[in-house]
Amino acid sequence: MEIGAKMKVANDAMEKTSAIANYQMGLSEERHRFEGLPSPTSTDYDEHLHNLEKIKNKNLEGISDPVIQNELMLDFSLKGQLAGYESENFYNKKRVEVYEGNLLSLVDQEIKNPTEYSMENIKSYLDSGKQANLVGEKFYQQTLIKANDDIGANRINRDLYMARTPEEVDAVRDGITSGAYELGGVTIEPDKKKALLDIAD
């Protein structure tokens, strides 16, 4: 092999090795940057995909041999697609986590300050999340059941705690027996209702 040909082979090998290493490093850094965002938005996600494409193109520019460039383009495209799928899964999972966290904060506020409309409000929050594919059926049902249990008991406990006279305690007891505390879709199980009546007595 002539010296010129040997130099070309060596140069091609060096360019290829360097391109692969730089591409992998760029891919890793960009993924780390994106996954480090606390609450990635759709704009962040689109920017991330754009950056993945830029990293691929940048590392193909330094390849002088068209055959090697084409080979690396296919390789980088495949790896970029895989990285894109992984990023999409991360993004969707993060969106759900953030949404559920915010939703639980709203539910917690309703539980701590219950009204006859609290269950309706909570169901509305959950329905909105479900329609947006950000709330799964298991989370939906568990949150609804827990909220129902907490709101019924919490509202009665709050009123009993704030009752200052026997008449006010009697009013709470009447509310329990009449079902006034179950307005707005709240259901209080008989055994729990009995326990609350015992406290009122």
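These numbers were taken from a predicted model, which means no experiment stands behind them. For every chain, the first residue of its written sequence is number 1, and the numbers climb from 1 along that sequence. This being a predicted model, a pLDDT of at least 70 is required before a residue's local features are given, and a value of 80 or more before pairs of side-chain atoms are given or counted; all residues contribute to the totals for chains, interfaces and linings. The basis for every side-chain value is the complete set of non-hydrogen atoms in the structure, without hydrogens or water.

Draft legend 1. Molecular detail of the overall build of the chain. Tallying secondary structure elements over the chain gives seven helices and zero strands in all. C-alpha atoms define the radius of gyration, and 2.2 Å times the number of residues to the power 0.38 defines the globule rule. Computed over its C-alpha atoms, the radius of gyration of the chain comes to 30 Å, more than 25% above the 17 Å expected for a compact globule of 201 residues. Here the term buried applies to any residue with accessible area under 20% of the maximum for its type, exposed to any over 50%, and partly exposed to those in between, with areas from a 1.4 Å probe on protein chains only. Here the chain holds 201 residues, and the buried ones make up 32% of them. Counting only contacts in the chain whose residues sit at least 6 apart along the sequence, the fraction spanning at least 24 positions is 68%. Charged residues are defined here as Lys and Arg on the positive side and Asp and Glu on the negative side; His and the ends of the chain fall outside this count. Throughout, a charge is located at the NZ atom of Lys, the CZ atom of Arg, the CG atom of Asp or the CD atom of Glu. In the chain, 24 positive and 36 negative side-chain charges are present, and the distance between their average locations comes to 3 Å. Under the DSSP-based scheme used, a helix requires at least four consecutive residues in state H or I and a strand at least two consecutive residues in state E, with every element numbered from the N terminus. Residues count as neighbours in contact if any of their non-hydrogen atoms are within 4.5 Å of one another.

Draft legend 2. Seen up close, the nonpolar core. The biggest cluster of nonpolar side chains holds 23 residues, and the ones touching the most others in it are Ile-122, Leu-126, Ile-156 and Ile-176. Elements represented by at least two residues in this core include exactly α3 (66-112), α4 (118-131), α5 (137-162), α6 (166-178) and α7 (190-200). Dropping the residues within four chain positions of it, Ile-122 is found in contact with Val-107, Glu-110, Leu-144, Ala-147 and Ile-151. Within the second largest apolar cluster, eleven residues are counted, among which are Leu-27, Leu-52, Ile-55 and Phe-76. In plain words, nonpolar cores are sets of buried Ala, Val, Leu, Ile, Met, Phe, Trp, Tyr and Cys residues tied together by side-chain atoms within 4.5 Å.

Draft legend 3. The arrangement of the side chain of Ser-87 in detail. Topologically, Ser-87 is positioned in helix α3. In this structure, Ser-87 is in contact with Phe-34, Tyr-45 and His-48, ignoring residues within four places of it in sequence.

Draft legend 4. Looking closely at the environment of Tyr-99. Relative to the assigned elements, Tyr-99 resides in helix α3. With residues near it in sequence (within four places) discarded, Tyr-99 still touches Tyr-125, Ser-128, Gly-129, Leu-134 and Val-135.

Draft legend 5. Up close: the packing of helix α2 (residues 42-60) against α3. Interaxial angle, 0 to 180 degrees, is taken between N-to-C directions of lines fitted to C-alpha atoms, where a helix line uses only the stretch in contact. Remark: α2 packs on α3, axes separated minimally by 10 Å, with the N-to-C direction vectors making an angle of 165°. In terms of orientation, α2 and α3 fall into the roughly antiparallel class. Crossing of α2 against α3: the hand is right-handed. Residue-level inspection shows Ser-42, Tyr-45, His-48, Leu-49, Leu-52, Lys-56, Asn-59 and Leu-60 of α2 in contact with α3, the latter providing Gln-69, Leu-72, Met-73, Phe-76, Ser-77, Gly-80, Ala-83, Gly-84, Ser-87, Glu-88 and Tyr-91. By residue class, the composition of the contact of α2 with α3 is nine nonpolar, eight polar and two charged. In what follows, roughly perpendicular refers to angles from 65 to 115 degrees, roughly parallel to angles under 35, roughly antiparallel to angles over 145, and oblique to any angle outside these ranges. Two helices that cross are described as forming a left-handed crossing if the nearer one is turned anticlockwise from the farther one by less than a right angle, and a right-handed crossing if clockwise. Gly is put with the polar residues, along with every residue not named as nonpolar or charged; the nonpolar set is Ala, Val, Leu, Ile, Met, Phe, Trp, Tyr, Cys and Pro, and the charged set is Asp, Glu, Lys and Arg.

Draft legend 6. Looking closely at the confidence of the model for the chain. Overall, the prediction assigns the chain a mean pLDDT of 88, with 97% of residues at 70 or greater. On a range of 0 to 100, pLDDT expresses the predictor's confidence in each residue. Per-element averaging of pLDDT across the chain places α7 at the bottom with 75 and α2 at the top with 95.

Draft legend 7. Seen up close, the packing of aromatic side chains. Side-chain rings of Phe, Tyr and Trp, where Trp is taken by its six-membered ring, are said to pair if the distance between their centres is within 6.5 Å; with planes under 30 degrees apart they count as stacked, over 60 as edge-to-face, and otherwise as tilted. Considering all chains together, one arrives at four aromatic pairs under this definition. Centre to centre, the rings of Tyr-23 and Phe-76 are 4.0 Å apart; their planes meet at 15°, and the pair counts as stacked. Placement of Tyr-23 in helix α1 (residues 3-35) and of Phe-76 in helix α3 is noted, with a sequence separation of 53 residues between them. Side by side, Tyr-23 and Phe-76 carry an identical accessibility label, which is buried. Ring pairs connect the aromatic residues Phe-34, Tyr-45, Phe-90 and Tyr-91, which therefore count as one cluster. The residue whose ring lies beneath Lys-130 is Tyr-140, and the NZ or CZ to ring-centre distance is 4.6 Å. A ring has a charge above it when a Lys NZ or an Arg CZ is no more than 6 Å from the ring centre and no more than 35 degrees off the ring normal.

Draft legend 8. Fine view of the pattern of salt bridges. A pair is scored as a salt bridge if a Lys or Arg side-chain nitrogen falls within 4 Å of a carboxyl oxygen belonging to Asp or Glu. This model, assessed by the stated rule, comprises twelve salt bridges. With a closest N to O distance of 2.7 Å, Lys-16 and Glu-71 form a salt bridge. Here the residue Lys-16 occupies a position in helix α1, and Glu-71 occupies one in helix α3, the gap between them amounting to 55 residues. By relative accessible area, Glu-71 is classed as partly exposed at 39%. With a shortest N-O distance of 3.3 Å, Asp-159 and Arg-158 are connected by a salt bridge. Among the charged side chains, a salt-bridge network with shared partners connects Arg-31, Glu-35 and Glu-86.

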